[in-house]
Amino acid sequence: MIELVPMTPEFVAAVLDGRRDEAAVLMGIELPEEFPSKGEEGFLGLRLRQMREDDRFQTWCPHAVALGGQMIGHAGYHGPPGVNANDEPDAVEFGYKIFPPHRGRGYATQAARMLMDLAAKRAGIRHFVLSVGPYNEPSLAIVRKLGFVKTGERMDDIDGLELVFELRRTADGAL
């Protein structure tokens, strides 16, 4: 069973400063050598700025996906409710990445469900948004498996064309 470990500003700062041993101690998990990649450094830098400028981003932060005390990926919200591709005030958008050696085992699907459950518990959120590249077949399979419905498209400054999907869960958490 995976767990989601919140990335604190202290952890993100340590990772970005190259203080990997300190970062691992702060999280209580082992970090893979490939983390962070150049792209992840940019993403983490953005999230660190957001967490420092707006306390809400500390609640709606990225998480390490951990298995047996080892980081196998990361998953998290794009921000607090309202910060999503459709600017829906009652929705959160989230994303996930599982590192290559751990893919194909259902961890991303499990992390997605955990993020939705956490958002419902934390703030009663039942409306979710995902933006996925049209050629990202593994993520598109997760979107279908979870019951998301395509509601549009958008151009992302970094990732290019993305398909936008939404899901509304019932009050009891059913899809």
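No experiment lies behind these values; they were computed from the predicted model shown. Just so you know, the residues in each chain are numbered from 1, in the order the chain's sequence is written. In keeping with the predicted nature of the model, local features appear solely for residues at pLDDT of at least 70, side-chain atom pairs appear and are counted solely at 80 or more, and the whole-chain, interface and lining totals rest on all residues. Each side-chain value is derived from all of the structure's non-hydrogen atoms; neither hydrogens nor water enter the calculation.

Enquirer: Explain the pattern of salt bridges to me, using residue names and the numbers behind them.
Expert: If the charged atoms of two oppositely charged side chains come close together, the side chains can form a pair. Take a side-chain nitrogen of Lys or Arg and a carboxyl oxygen of Asp or Glu: if they are within 4 Å of each other, that pair is a salt bridge. Considering all chains together, one arrives at eleven salt bridges under this definition. Arg154 serves as the salt-bridge partner of Asp156, at 3.0 Å between the closest nitrogen and oxygen. Classification of residues uses two cut-offs on accessible area relative to the type maximum, computed with a 1.4 Å probe and protein chains only: under 20% is buried, over 50% is exposed, and between them is partly exposed. On the basis of relative accessible area, Asp156 is assigned to the buried category, the value being 19%. Given the relative accessible area of 25%, Arg154 is considered partly exposed. Within the structure, one salt-bridge network assembled from shared partners comprises Asp17, Arg19 and Glu22.

Enquirer: Got a sec to walk through helix 5 (residues 107-123)? Specific residues and values, please.
Expert: Residue pairs three or four apart in sequence face the same way in an α-helix, which turns once every 3.6 residues. Taking 1.5 Å of rise per residue, 17 residues should cover 24 Å, and helix 5 covers 24 Å from first to last C-alpha, within 8% of that figure. Listed as buried for helix 5 are Tyr107, Ala108, Thr109, Ala111, Ala112, Leu115, Met116 and Ala119. Only DSSP runs of H or I covering at least 4 residues are called helices, and only runs of E covering at least 2 are called strands; the numbering of each starts at the N terminus. Looking at the residues trailing helix 5, positive phi occurs at Gly124, about 70°. Here the expected span of a helix is defined as 1.5 Å times the quantity of residues minus one.

Enquirer: Residue-level account of the packing of aromatic side chains, with values.
Expert: Ring pairs are drawn from Phe, Tyr and Trp, using the six-membered ring of Trp, whenever the two centres fall within 6.5 Å, and their geometry is named by plane angle: stacked under 30 degrees, edge-to-face over 60, tilted for the rest. Summed over all chains, the structure comprises four aromatic pairs. Between Trp60 and Tyr77 the ring centres are 4.9 Å apart and the planes differ by 80°, which places this aromatic pair in the edge-to-face class. With Trp60 in the loop between helix 4 (56-59) and strand 2 (62-67) and Tyr77 in strand 3 (residues 70-77), this pair connects stretches of sequence that are 17 residues apart. For the pair Trp60 and Tyr77, a shared accessibility class is recorded, and that class is buried. Through successive ring pairs, a cluster of aromatic residues spans Phe94, Phe128 and Phe148.

Enquirer: Give me the sheet that holds strand 4 (residues 91-98): which residues, what numbers.
Expert: Strands qualify as paired when DSSP identifies two bridges or more between them. Across the sheet, which stays open at both edges, the seven strands sit in the order 1-2-3-4-5-7-6 with mixed pairing between neighbours. Bordering the open sheet on either side are strand 1 (3-6) and strand 6 (149-156), each of which pairs with just one other strand. The average angle at which neighbouring strand axes cross in this sheet is 30°, direction not considered. Summarising the sheet, strand 1 and strand 2 pair through four bridges and their orientation is antiparallel. Counterpart to Pro6 in the pairing with strand 2 is His63. Two residues form a contact once any of their heavy atoms are found within 4.5 Å. Angles here are taken between N-to-C directions and fall from 0 to 180 degrees, while the axes themselves are lines fitted to C-alpha atoms, restricted in helices to the stretch in contact. In the packing of helix 5 onto the sheet, the strands contacted are strand 1, strand 2, strand 3, strand 4, strand 5 (127-132) and strand 7 (160-168), and the crossing angle to strand 4 comes to about 150°.

Enquirer: Report on the environment of Arg113, specifying residues and quantitative values.
Expert: Tracing the backbone through its elements, the reader meets Arg113 in helix 5. Measuring from C-alpha to C-alpha, the distance between Arg113 and Glu22 comes to 30 Å, with 91 residues separating the pair along the chain.

Enquirer: Describe the side chain of Glu166, naming the residues involved and giving the relevant values.
Expert: Along the polypeptide, Glu166 turns up in strand 7. No salt bridge is formed by the buried Glu166. Its closest oppositely charged neighbour is Arg168, at 4.8 Å. A 3.5 Å cut-off defines polar contacts: any pair of N or O atoms within that distance qualifies, except that in protein one atom must be a possible hydrogen donor and the other a possible acceptor, and neighbouring residues in sequence count only when both atoms are side-chain atoms. Here the side chain of Glu166 touches Asn86 through a polar contact of 2.8 Å, side chain to side chain. Under the counting rule used here, the positive set is Lys and Arg, the negative set is Asp and Glu, and His together with the chain ends is not counted.

Enquirer: Describe the nonpolar core, and please don't skip the residues or the numbers.
Expert: Residues Val65, Phe94, Tyr96, Phe128 and Phe148 are the most contacted members of the largest nonpolar core, which totals 30 residues. Of all the secondary structure elements, the ones that give two or more residues to this core are strand 3, strand 4, helix 5, strand 5, helix 6 (137-146) and strand 7. With seven residues, the single largest contributor to this core is helix 5. Ignoring any residue separated from it by four or fewer positions in sequence, one finds Val65 in contact with Ile2, Glu3, Leu4, Gln70, Met71, Ile72, Gly73, His74, Ala75, Ile98 and Ala111. By convention a nonpolar core is built from buried Ala, Val, Leu, Ile, Met, Phe, Trp, Tyr and Cys residues, the set being connected through side-chain atoms within 4.5 Å. Of all hydrophobic cores here, the second largest spans 21 residues; its members include Phe11, Leu44, Leu48 and Phe99.

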